[in-house]
Amino acid sequence: MRIPIRRRRGRRRAALLAVGAMTGGLLLTVPQQATAGPPNLLTNPGFETAGAAGSDMPSCWSKSGWGDNDFTFTTVADAHSGTKAMRVALTRRVDGDRKALVTENTACAPAAVPGKQYDLSAWYKSTTPDVSVTVFRREATTGAWQYWTDLQNPPVSAGWARTEVRTPVVPPNTDKIAWGLSVYGVGTLTTDDYAMEEVGATLPAPTCTGTAEECAKGKWQVIAAKNPVRSMHAVVLRNGKVLLIAGSGNDIDRFNAGTFTSAVYDPANGSFKTIPTPVDMFCAGHVQLADGRVLVMSGNKGYPSADGTIGYQGLKDSYIFDPATEKYIKTNDMNGGHWYPSATVLGNGDVISFGGLKEDSTGNVTAEKFSAAQGKWLPMGEVNQTWSYWGLYPSMILMQDGRLFYSGSHTFGNGTPGTGASVYDYAANTITDVPGLRNKDQRDESASVLLPPAQDQRVLTIGGGNNESNPAANRLTDIIDLKKPSPAYTAGPDIPLGLVDQGAGKRPQTGAEGKMYVSAVLLPDGKVLETGGGLHDRADPVFEASFFDPASNTYQAGLATDPIPRTYHSASFLLPDGRVMSVGDNPGNGTYNHNVSVYTPPYLFKGARPQITSVIDTQWVYGDTQRITVDRPIAKAELIRPAAVTHSSDPNQRFVDLPLTVVSNTTVDLNVTSNPNLAPPGWYMLFAVDANGVPSIAKWVHVGGAPALAALSGDQDRPSAHQHTFADKLGPAKQNPAKRDSAPVSPKVAGCDRHYGTATLCVPTVFPAEVKNTTKARCDWLAAHKYPKRMKVNGSDPLRLDADRDGYACG
């Protein structure tokens, strides 16, 4: 998908001049080297030494790049210093880039130390804004080189200008890096006097401001206020408040009464406000639009029939929730019902949706697309269709080139046919399986996240089970690197064991016992909080929490645990102050837990947190540089997209690194990605993080530019954002099904036998393996899990729960 790139270099320069006045002359035209210093780790940084005989490149420099383009490399005398500089020109470009790159060998590529950061700088002149600082890293164990990241997009400059940017922390298993300035638009780039210097700041010792346990494990608090609605969905709004959507709240009596509710929680004062809700948004889809409003699609048209012959039915309805007015606004209808639909925002702000159940309870096989420009769902004929059934809440994650990665996480039943995970190319309308996902038919109710930072293009999938066969949930962690030519899942460490309550008090988990309905929350220090979940479908809560560290692919076990059970219809999500909020729990017995928990991670017990004292411009454009001031030195900054989560699923959750150009200890330039597929347009939480991983309170910034600027068409034909050809050696695409209306889905897809009680109750179709196949054992299990003592039998008694045949189960 081609995304036009728009830049506001003039506005950026004006902003920097304005902040210069604010900070009393601290800012310099050329950024200072704040804590980095000599020596320059590069060999032949100014191209003065010629290469070996017969070589047309200077010593320790190589021609590099990819794609369909016409280019030249020339050593020229127009130097910043000395007698030589390097000129790279593109005269025609379809895709790809060209760059002079530090030669990837032992003699030329500088050594890099894992855990360290480096300042990279160069002098340049360019006639195109399509330039980026591109870095590669070598794996110490294999000696293989791989793309690492793009750090910065220097602006056009007719005269010599200096660009400087700080790398992220060097990942483990890295021993060397190579880098250069890439040009990916038609034009000329001349460079000279490169430098790479190690950042020499010493790590300040953290001070514990809580108890020793809090500093190691964090702390949970159950707040005094109760969630007033039976929420199934949670969305963090651009004003820092939280939208909690219930609809009927999985309560058929409320559905029959037409009682549909939502609430807005304000963390600033701990208050809840109930919001009138027009339709039953129970098990809808939702996503943040570019302007900060929330698109809510589908929901529940009807509950299953008493005898279970009819399942849940999806709505066509669609609404937008406006945080400013706290009201729902009707949009046009979708083309069909989608109970449990996916919702993924694309790089141009459009939204694409798959899966769910239609109005007649069959599986919806049509893709739906919401046009951001037109503010409506497009007719089916204007949306590419594969006629594939993706299941319920399929996790569809936007890749850096505009394709979608289906991670294998979903809700209810088995995974899709094939390997269980795949890449969907909307433009080509093809689906290609990727291998490696273990137990692909037991990843029901698992969680998947794009790991920090989004630039690394790695996805983590954790836990899950199968509500149809109802085994004990698994501990599996699988990781896939979508940067590789032929990406495949590889096994990660097992989820740590915790305590499980199966109705007789907590006991330690053993062996392969894991969790489903687990929550995975991206934190500003770059880790993932894994919390909540249950051992069996809608039952047996697990009390365990851990941090997953993407840098080392390891779990830090033994964190403080949420005292409230969090299984089915629960959600955990990041607040702008760096804490995590958890709501909900709706076990099979139909009850709902209205207690709200808040987790304070250990990083908030490590002393004073840094402060962002000014953000010069809250309207950010792709490829731009934005200046902030802070009260003390920071090690990194990032954008985190606010949560829109339900049923362990938030495919839009992402952490986008902002490489730093350090001007002084209190003034930092942040380099914004030029690729909208890495940071789809919208409002983000901006965090600044110190060397101990302590984050600031977030500031809200908008990525994509103001509407007036976005409407400009003068650069619609500019090249798309710099991208590498990742996942370009996939296997053959699958054959798409023929055009069809729907896919057959069992009315028991929710894993509930509807012959007992009301639709609010979920008596499992299959009991856990340890429950004997007898009336007594099953009734004892139901009693231990607090099901009603007398549940009416609706028609037949397939589970043999009505021993005395009085028409009531376990009576």
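What this report covers is the structure whose coordinates are included nearby. Predicted model, so just to flag it, every value in this text is computed and none were measured.

1. A closer look at the state of the cysteines
Phase 1 of the analysis: All chains considered together, the criterion is met by 4 disulfides.
Phase 2 of the analysis: Put simply, Cys752 and Cys762 are joined by a disulfide, and their sulfur atoms are 2.0 Å apart. Residues Cys752 and Cys762 are joined by a disulfide whose S-S torsion is about -95°; by sign, that bridge is left-handed. Of the two residues, Cys752 is situated in the loop between helix H4 (707-710) and helix H5 (775-784) and Cys762 in the loop between H4 and H5; the sequence distance between them amounts to 10 residues. Assigned by exposure class, Cys752 and Cys762 land together as buried.
Phase 3 of the analysis: Here Cys779 engages in a disulfide with Cys810; their sulfurs sit 2.0 Å apart. Of note, the bridge from Cys779 to Cys810 carries an S-S torsion of about -80° and is left-handed in sense.

2. Looking at the side chain of Thr362
Phase 1 of the analysis: Along the chain, Thr362 turns up in the loop between strand E23 (351-353) and strand E24 (368-371).
Phase 2 of the analysis: Among the polar contacts listed, one links the side chain of Thr362 to the side chain of Asp360, at a separation of 2.6 Å.
Phase 3 of the analysis: Once you skip the residues sitting within four places of it in the chain, Thr362 turns out to touch Gly356, Leu357, Ser742, Ala743 and Val745.

3. Comments concerning the packing of aromatic side chains
Phase 1 of the analysis: Taken as a whole and judged by the stated rule, the model has 32 aromatic pairs.
Phase 2 of the analysis: Summarising the aromatic geometry, the rings of Phe354 and Tyr424 are spaced 5.6 Å apart at their centres and angled 85° between planes, so their arrangement reads as edge-to-face. Taken as a pair, Phe354 in the loop between E23 and E24 and Tyr424 in strand E28 (residues 422-425) lie far apart in primary sequence, 70 residues in all.
Phase 3 of the analysis: One aromatic cluster is present, built from ring pairs that chain together Phe255, Phe260, Phe282, Tyr303, Tyr312, Trp339, Tyr340, Tyr393, Phe412, Tyr517 and Tyr568.
Phase 4 of the analysis: Cation over ring: Arg538 sits above Tyr568, and NZ or CZ is 4.0 Å from the ring centre.

4. What to know about the nonpolar core
Phase 1 of the analysis: Judged by nonpolar contacts, the single largest core of 52 residues is most densely connected at Leu529, Phe573, Leu574 and Met581.
Phase 2 of the analysis: A total of 4 residues in this core trace back to one element, the largest contributor, which is strand E53 (residues 682-689).
Phase 3 of the analysis: Apart from the residues within four sequence positions on either side, Met581 is in contact with Val242, Tyr265, Ala571, Ser572, Phe573, Leu575, Val596, Ser597 and Val598.
Phase 4 of the analysis: Grouped together as the second largest cluster of nonpolar side chains are 36 residues, Leu450, Val459, Val630 and Val672 included.

5. A short note on the sheet that holds strand E27 (residues 404-406)
Phase 1 of the analysis: If you walk across this open sheet you meet the 4 strands as E26-E27-E28-E29, and the pairing is antiparallel. Of all the strands in the sheet, just strand E26 (396-398) and strand E29 (430-433) have a single pairing partner and so form its edges. Each neighbouring strand pair of the sheet contributes to a mean axis angle of 25°, computed without reference to strand direction.

6. Quick notes on the pattern of salt bridges
Phase 1 of the analysis: Throughout the structure, instances matching the rule amount to 35 salt bridges.
Phase 2 of the analysis: Linking Lys125 and Asp78 is a salt bridge whose minimum nitrogen-to-oxygen distance equals 2.5 Å. Pair noted here: Lys125 is in strand E5 (residues 118-126) and Asp78 is in the loop between strand E2 (69-76) and strand E3 (85-93), with a separation of 47 residues, a long-range link.
Phase 3 of the analysis: With a relative accessible area of 16%, Lys125 lands in the buried category.
Phase 4 of the analysis: Judged by relative accessible area, Asp78 falls into the partly exposed class, the value being 32%.
Phase 5 of the analysis: Asp690 is the salt-bridge partner of Arg632, the closest N and O atoms lying 3.1 Å from each other. Placement of the pair is Arg632 in the loop between strand E47 (625-630) and strand E48 (636-640) and Asp690 in the loop between E53 and strand E54 (699-703), with a sequence separation of 58 residues.
Phase 6 of the analysis: Here the salt bridges do not stand alone but share partners, grouping Asp68, Asp70 and Arg92 into one network.

7. A closer look at empty space enclosed by the protein
Phase 1 of the analysis: Under the counting rule described, the total for this entry stands at 10 cavities of 30 Å³ or more.
Phase 2 of the analysis: Of the volumes computed, that of the largest cavity is approximately 220 Å³.
Phase 3 of the analysis: Lining of the largest cavity is provided by 21 residues; of these, Tyr147, Asp150, Gln455, Thr673 and Leu678 occupy positions nearest its centre.
Phase 4 of the analysis: For the lining of the largest cavity, the element with the most residues is strand E7 (residues 145-152), which contributes 5 residues.
Phase 5 of the analysis: In terms of residue class, the lining of the largest cavity is made up of 6 nonpolar, 13 polar and 2 charged.

8. Some remarks on unusual backbone geometry
Phase 1 of the analysis: The linkage connecting Pro452 with the following residue, Pro453, adopts the cis geometry, with an omega of -15°.
Phase 2 of the analysis: Looking at where Pro453 falls in the secondary structure, it is placed in the loop between strand E30 (447-450) and strand E31 (458-462).
Phase 3 of the analysis: Phi angles above zero are rare outside glycine, and Asn553 is one such case at about 55°.
Phase 4 of the analysis: By the element assignment, Asn553 lies in the loop between strand E40 (545-549) and strand E41 (554-556).
Phase 5 of the analysis: On the accessibility criterion, Asn553 (28% relative accessible area) is partly exposed.

Criteria and cut-off values
- Residues numbered from 1 in each chain as written.
- Predicted model: local features only at pLDDT ≥ 70, side-chain atom pairs only at ≥ 80, totals over all residues.
- Heavy atoms only, no water.
- Disulfide = S-S within 2.5 Å.
- Helix = DSSP H or I, 4+ residues; strand = E, 2+ residues; numbered from the N terminus.
- Buried < 20%, exposed > 50% of the residue type's maximum accessible area, 1.4 Å probe, protein only.
- Polar contact = N/O pair within 3.5 Å; in protein donor to acceptor, adjacent residues only side chain to side chain.
- Contact = heavy atoms within 4.5 Å.
- Phe/Tyr/Trp six-rings, centres within 6.5 Å; stacked < 30°, edge-to-face > 60°.
- Lys NZ or Arg CZ within 6 Å of the ring centre and 35° of its normal.
- Core = buried A, V, L, I, M, F, W, Y, C linked by side-chain atoms within 4.5 Å.
- Pairing = 2+ DSSP bridges.
- Axes fitted to C-alpha atoms, helices over the stretch in contact; angles between N-to-C directions.
- Salt bridge = Lys/Arg side-chain N within 4 Å of Asp/Glu carboxyl O.
- 1 Å grid on protein atoms, 1.4 Å probe; cavity = no way out; pocket = protein on both sides within 12 Å on 5 of 7 lines; lining within 4 Å.
- Points joined across faces, edges and corners; volume = space filled by probe spheres on them.
- Nonpolar A, V, L, I, M, F, W, Y, C, P; charged D, E, K, R; others polar.

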